[in-house]
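These are the residues of each chain, in order.
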Amino acid sequence: MQVLKFGGTSLGTSKNINQVISIVEKKAVNNKIICIVSAVGGITDALLKAGHLAKDKNADYKKVFHQIKKKHLLIAEELISAPVKTFLLDLNSQLDTLKKLLDGIYLINEISPQTADKLVSFGELLSSYIITEAFKDNGNKVVRKNAQELIITNSNFTKAEVKFEITNKNIVHYFKTAKQQITIVPGFISTSEHNEITTLGRGGSDYTAAIIAAALKVDVLEIWTDVSGMFTANPKLVKQAYPISYISYQEAMELSHFGAKVIYPPSVQPVLFLNIPIHIKNTLQPDNKGTVITNDPQYYSAEKPPATGITNINNIALLTLQGNGMVGVPGFSKRLFEVLANHKINIIFITQASSEHSICFGIDVHDAPLAEKIINEVFEYEIDTRKIDPILVEKELSIIALVGDKIKNHQGVSGKMFSVLGKNNINIRAIAQGASERNISAVIAEKDVKKALNAVHERFFESDTKQLNVFITGVGNVGERLVEQIKQQKHYLLKNHKINVRIVGLSNSRTMLFNAEGLALKDWKEDLKKGQKASILTFLDTVKALNLRNSIFIDITANSEVSKLYEQYLKESIAVVACNKIACSSSQKNYSTLKQLSLKYNAPFLFETNVGAGLPIIDTLGNLMASGDKITSIQAVLSGSLNFVFNNFNANSKFHDVVKQAQLEGYTEPDPRIDLSGIDVARKILILARESGFEMDLDAIKNDSFLTVSNLKSDTVDDFYKTLIEDENYFQSLYASAESKNCQLKYVAEFNNGKAKVGLKEIPVGHPFHNLKGKDNIVMFYTQRYPEQPMIIKGAGAGADVTASGLFADIIRIGNN
């Protein structure tokens, strides 16, 4: 014999009910089936709504009733091919009885708990009647057994308590003699010892099924819903959530208490006491494995992870009773919880400081005004004498709970949970962990729930996969290459590095585009053209509002206004990856502030491409410093643009033409004066000096510019190019001087003994800089460990592809952090 319970949207339409019939028919081939059904989806709420409207003398109750009637008649019509006359007469008779009950409530302007039970009982009575007839119409031998004839309770209306001795006797006696293969039983409803209609309260249909399953000691209770079992998290909030194959009763109770709505804990107590497994299945996807709730050790391997699931409860108010007058004084807790219990206010969460200075507890936010009032009344004397403070009430909060039987056997679970929350700028208002150590609960801001669930789920349930949510501003030449590189490498990173990179936001100077689930990169250029008007402040506000875990802001502009926003990003624990050199070469105070904010908010601030494009110069320097080495001097060619220019300039070319070529090939900024003036190189050596541990500002760097006065004073780029033509003889003289000494012209940056300078130099044969080709950069680090033979880093130091790869490397560094 098998006991199956169906409810929710499983019974919401005739199509779904036909699926229920199909499931039961297949199981009935080899077993007798007891099928417990709840009301048609949405009907219980509609009945209560109609009742309250009638009580309030609102004639709209009639409209709600007609909707209820229409829905049942439509389902009956669609399910039953040729309904017999007596069925339709009886169905309409039951609906007429419901209408008379509502009319009576309207007349007397009252709905007592007893009347409420009678009212809502129509939901299960009507659904079971229609479903039974549908089974018969399919040719099944089926009997509808009214649960009111089996389950006997006291007269505590709306939440009646079962008299198990007589109830179990009734169930065993009836099914021992029942001949039919399929029995339909309405859930939720019962009868008191005085023959009054009662109901079993929240989760009542599950309770009916559990009572019958326990009385008959079946092998398993199947609860069929609209989800494929219990999930590791709410799949509506966490896309990566997946069904849990096996879970213990205790874990299921914890998850359900903290918001997982698949089962209601009190309703399954009868089968829990007998260790009867509960199998949660999906009516709409019956072949899915679902979740088995059992304590049988054969289902659990020794490698079972410490955490089984994470869940949440929203609409929480956190109340704190505190004061020095509480310390060492017995009775405060008793008085506090007694007054709450007397007013039927349920406590969801509780924690108390070991100093006894405060008691903190969470309740439903709707109970907060009453709780605040009665607590302040109970402790009026202590508040007036300033022994304690008035009760503190905080709202717009949620509880998240990490649940698992093996949490207590694994060290560091709490640390991992709170660490990942901290890294994502999620503030924890209160923490609780029961003595059983089966769950770790934290109160957080309601706005942070989705990010918190995803961050913790990723940490504990996604095989160490880390999702990075990337926001890119400045999608020009380099930005376009970066997007394409991410698109190309996405699956490789996921497979080989367990990093899931999602581009969530893009912006250029005209438009911007966002998608919280990640942008589809197939036609991203066209999509961006159709985006909203670009704004750097709106971009920031959107990143903050999306509030995604592991968010990374990437700046590929040369915009000083964008760089001024880094501080705000970092304060939101949003990592910053900067191609833009302005922030790191701004004042020492601003640079130091950004570095400090990065540490304070656990938000990486990376800028590898500030020096040497994709070359690992800053990363290598950081590793040297972290390992205890000390920089004594730096010599470098740091401008791929200038190196390209002087490698291609000779007696047979014009300086103007070579600079123009460099600009056209993307080796210089749109304004080449930035590159040729030496200011860009000065910024780079400044950044290296700061990363070496020295404090310095840009004006302290000596810049021996090779440009003429007319070059430097040009007002526009076009004027600048004109001056290059006019000063061609000067530039030829620079080349001729170097050529006569068999030297190469290189623009060199130097840092030594705390001082830095940049300028054009004639590099002799044999020097590491002499044969530097094309757009290459080279850096030589002299350190205490490398005093004579420096550490040398050399390679392409300009170009869109290598710069994009440097940015990509910073993204991957964050992913591996």
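Residues numbered from 1 in each chain as written. Predicted model: local features only at pLDDT ≥ 70, side-chain atom pairs only at ≥ 80, totals over all residues. Heavy atoms only, no water.

### A closer look at the overall build of the protein chain
Part 1: The secondary structure content of the protein chain amounts to 29 helices and 30 strands.
Part 2: Relative to the 2.2 N^0.38 estimate, which gives 28 Å for 817 residues, the radius of gyration of the protein chain is 37 Å and therefore markedly larger than a compact globule would have.
Part 3: Taking the principal axes of the C-alpha coordinates as reference, the protein chain spans close to 115 × 70 × 55 Å.
Part 4: Across the 817 residues of the protein chain, 53% fall into the buried class.
Part 5: Residue pairs at least 24 apart in sequence account for 72% of intrachain contacts in the protein chain once pairs closer than 6 positions are excluded.
Part 6: Accessible area for the protein chain stands at about 36,500 Å²; split by element, carbon and sulfur atoms hold 50% of it.
Part 7: Taking the 92 positively charged and 85 negatively charged side chains of the protein chain as two groups, their mean positions are separated by 4 Å. (Helix = DSSP H or I, 4+ residues; strand = E, 2+ residues; numbered from the N terminus. Rg over C-alpha atoms; globule rule 2.2 N^0.38 Å. Buried < 20%, exposed > 50% of the residue type's maximum accessible area, 1.4 Å probe, protein only. Contact = heavy atoms within 4.5 Å. Areas by Shrake-Rupley, 256 points an atom, 1.4 Å probe, with all protein chains shown as cover. Lys, Arg positive; Asp, Glu negative; His and termini not counted. Charge placed at Lys NZ, Arg CZ, Asp CG, Glu CD.)

### Structural notes on the packing of helix H6 (residues 164-177) against helix H7 (residues 204-216)
Part 1: Contact geometry for H6 and H7: axes closest at 9 Å, N-to-C directions at 70°. The angle between H6 and H7 places the two elements in the roughly perpendicular class. For the pair H6 and H7, the contacting residues are Phe164, Thr167, Asn168, Ile171, Val172 and Phe175 in the first and Tyr207, Ile211, Ile212, Ala215 and Leu216 in the second.
Part 2: Looking at the contact of H6 with H7, its residues break down into 9 nonpolar, 2 polar and no charged. (Axes fitted to C-alpha atoms, helices over the stretch in contact; angles between N-to-C directions. Parallel < 35°, antiparallel > 145°, perpendicular 65-115°, else oblique. Nonpolar A, V, L, I, M, F, W, Y, C, P; charged D, E, K, R; others polar.)

### Topic: the sheet that holds strand E7 (residues 197-199)
Part 1: As summarised here, the arrangement of the 3 strands in space is E4-E6-E7, forming an open sheet in which the pairing is mixed. Two strands lie at the open edges of the sheet, namely strand E4 (152-153) and E7, each paired on one side alone.
Part 2: With 3 bridges joining them, strand E6 (residues 189-192) and E7 adopt antiparallel strand pairing. Note on E7: the bridge partner recorded for Ser190 is Thr198.
Part 3: Helix H5 (residues 113-137) rests against E6 and E7 of the sheet, and its axis sits at about 75° to E7. (Pairing = 2+ DSSP bridges.)

### Observations concerning the pattern of salt bridges
Part 1: In the structure shown here, the tally under the stated rule is 29 salt bridges.
Part 2: For Glu608, the salt bridge identified is with Arg813, shortest N-O distance 3.7 Å. Note that Glu608 is positioned in the loop between strand E24 (605-606) and helix H21 (617-626) and Arg813 in helix H29 (residues 800-816), a separation of 205 residues in sequence.
Part 3: Judged by its relative accessible area of 4%, Glu608 is buried.
Part 4: By relative accessible area, which is 26% here, Arg813 ends up partly exposed.
Part 5: When the shortest N-O distance is used, the salt bridge between Arg690 and Asp697 registers 3.2 Å.
Part 6: Bridged by salt links that share partners, the residues Glu608, Asp619, Asp810 and Arg813 form one connected network. (Salt bridge = Lys/Arg side-chain N within 4 Å of Asp/Glu carboxyl O.)

### Focus on unusual backbone geometry
Part 1: Positive phi, close to 60°, is recorded for Lys57, a residue that is not glycine.
Part 2: Even without glycine at this site, Asn547 takes up a positive phi of about 55°.
Part 3: As for its position among the elements, Asn547 is in the loop between helix H17 (536-546) and strand E22 (551-555).

### Observations concerning the packing of aromatic side chains
Each aromatic ring pair is characterised by the separation of its centres together with the angle its planes make.
Part 1: Under the criterion given, the structure shown has 27 aromatic pairs.
Part 2: Between Phe6 and Trp224 the ring centres are 5.7 Å apart and the planes differ by 20°, which places this aromatic pair in the stacked class. In this pair, Phe6 is assigned in strand E1 (residues 2-6) and Trp224 in strand E8 (residues 221-225), connecting sequence segments 218 residues apart.
Part 3: With relative accessibility at 2%, the residue Trp224 sits in the buried group.
Part 4: Judged by centre distance (6.0 Å) and plane angle (70°), the ring pair of Phe649 and Tyr735 falls under edge-to-face. Here the residue Phe649 occupies a position in the loop between helix H22 (640-648) and helix H23 (655-664), and Tyr735 occupies one in helix H28 (residues 728-740), the gap between them amounting to 86 residues.
Part 5: Residue classification places Phe649 among the buried residues on the basis of a relative accessible area of 3%.
Part 6: Across the ring face of Phe332, the terminal group of Arg335 is positioned such that the distance to the ring centre comes to 5.9 Å. (Phe/Tyr/Trp six-rings, centres within 6.5 Å; stacked < 30°, edge-to-face > 60°. Lys NZ or Arg CZ within 6 Å of the ring centre and 35° of its normal.)

### Overview of the nonpolar core
Part 1: Phe655, Ile685 and Phe781 are the most contacted members of the largest nonpolar core, which has 74 residues in total.
Part 2: Here this core takes 7 residues from helix H25 (residues 679-691), the largest share from any one element.
Part 3: Within the second largest apolar cluster, 49 residues are counted, among which are Val37, Leu79, Ile111 and Leu126. (Core = buried A, V, L, I, M, F, W, Y, C linked by side-chain atoms within 4.5 Å.)

### Let's talk about the sheet that holds strand E3 (residues 142-144)
Part 1: Strands sit in the order E3-E5-E2-E1-E8-E10-E11-E9 across an open sheet of 8 strands; the sheet is mixed. Unpaired on one side and paired on the other, E3 and strand E9 (246-247) mark the two borders of the sheet.
Part 2: Sheet topology note: the strand E2 (residues 33-37)/strand E5 (residues 182-186) ladder contains 5 bridges and is parallel. Each residue of the ladder has a partner; that of Ile36, found in E5, is Val185.

### Section: the pairing of strand E28 (residues 755-763)
Part 1: Of the strand pairs in this sheet, strand E26 (residues 702-704) and E28 are connected by 3 bridges, and their pairing is parallel. Following the sheet pairing, Asp704 is matched in E28 by Gly759.
Part 2: For strand E27 (residues 744-752) and E28, the ladder comprises 9 bridges, and the chain directions are antiparallel. In the sheet register, Asn752 faces E28, and the bridge partner there is Lys755.
Part 3: Counting the residues between successive antiparallel strands, the hairpin from E27 to E28 contains 2 residues, one of them, Asn753, with a positive phi of roughly 55°.

### Notes on the packing of H22 against H23
Part 1: Contact geometry for H22 and H23: axes closest at 9 Å, N-to-C directions at 140°. Viewed along their axes, H22 and H23 adopt a mutual orientation that is oblique. Taken as a pair, H22 and H23 cross one another with a handedness that is right-handed. Here Phe644, Val645, Phe646 and Asn648 of H22 come into contact with H23, specifically with Phe655, Val658, Val659, Gln661 and Ala662.
Part 2: Taken together, the residues of the contact of H22 with H23 sort by class into 7 nonpolar, 2 polar and no charged. (Left-handed = near helix turned anticlockwise from the far one by under 90°.)

### Examining the side chain of Glu222
Part 1: Relative to the helices and strands, Glu222 resides in strand E8.
Part 2: A distance of 2.9 Å separates a polar atom in the side chain of Glu222 from a polar atom in the side chain of Trp224.
Part 3: Contact partners of Glu222, with chain neighbours within four places excluded, come to Gln2, Val3, Leu4, Lys5, Lys27 and His279. (Polar contact = N/O pair within 3.5 Å; in protein donor to acceptor, adjacent residues only side chain to side chain.)

### Thoughts on the pairing of strand E23 (residues 575-578)
Part 1: Where burial is concerned, the two faces of E23 agree: the one with Ala575 and Val577 and the one with Val576 and Ala578 are both buried.
Part 2: Here E22 runs beside E23; their pairing, made up of 4 bridges, is parallel. Residue pairing for E23: Asp555 is matched across the bridge by Ala578.
Part 3: Both E23 and E24 contribute to a ladder of 2 bridges, which runs parallel. Bridge pairing in E24 places Val576 opposite Phe605.

### Concerning H5
Part 1: Over its 25 residues, H5 extends 37 Å from the first C-alpha to the last, a length consistent with the 36 Å expected when each residue adds 1.5 Å.
Part 2: Of all 25 residues in H5, 19 are buried; the element is thus mostly enclosed.
Part 3: Count one or two residues on from H5 and you reach Gly139, which has phi positive near 90°. (Expected span 1.5 Å × (residues − 1).)

### Examining the environment of Ala215
Part 1: Inspection of the secondary structure puts Ala215 in helix H7.
Part 2: Taking the C-alpha atoms as reference points, Ala215 and Asn168, 47 residues apart in sequence, are found 5.2 Å from one another.
Part 3: Residues contacting Ala215, with those up to four places away along its chain left out, are Asn168, Ile171 and Val172.

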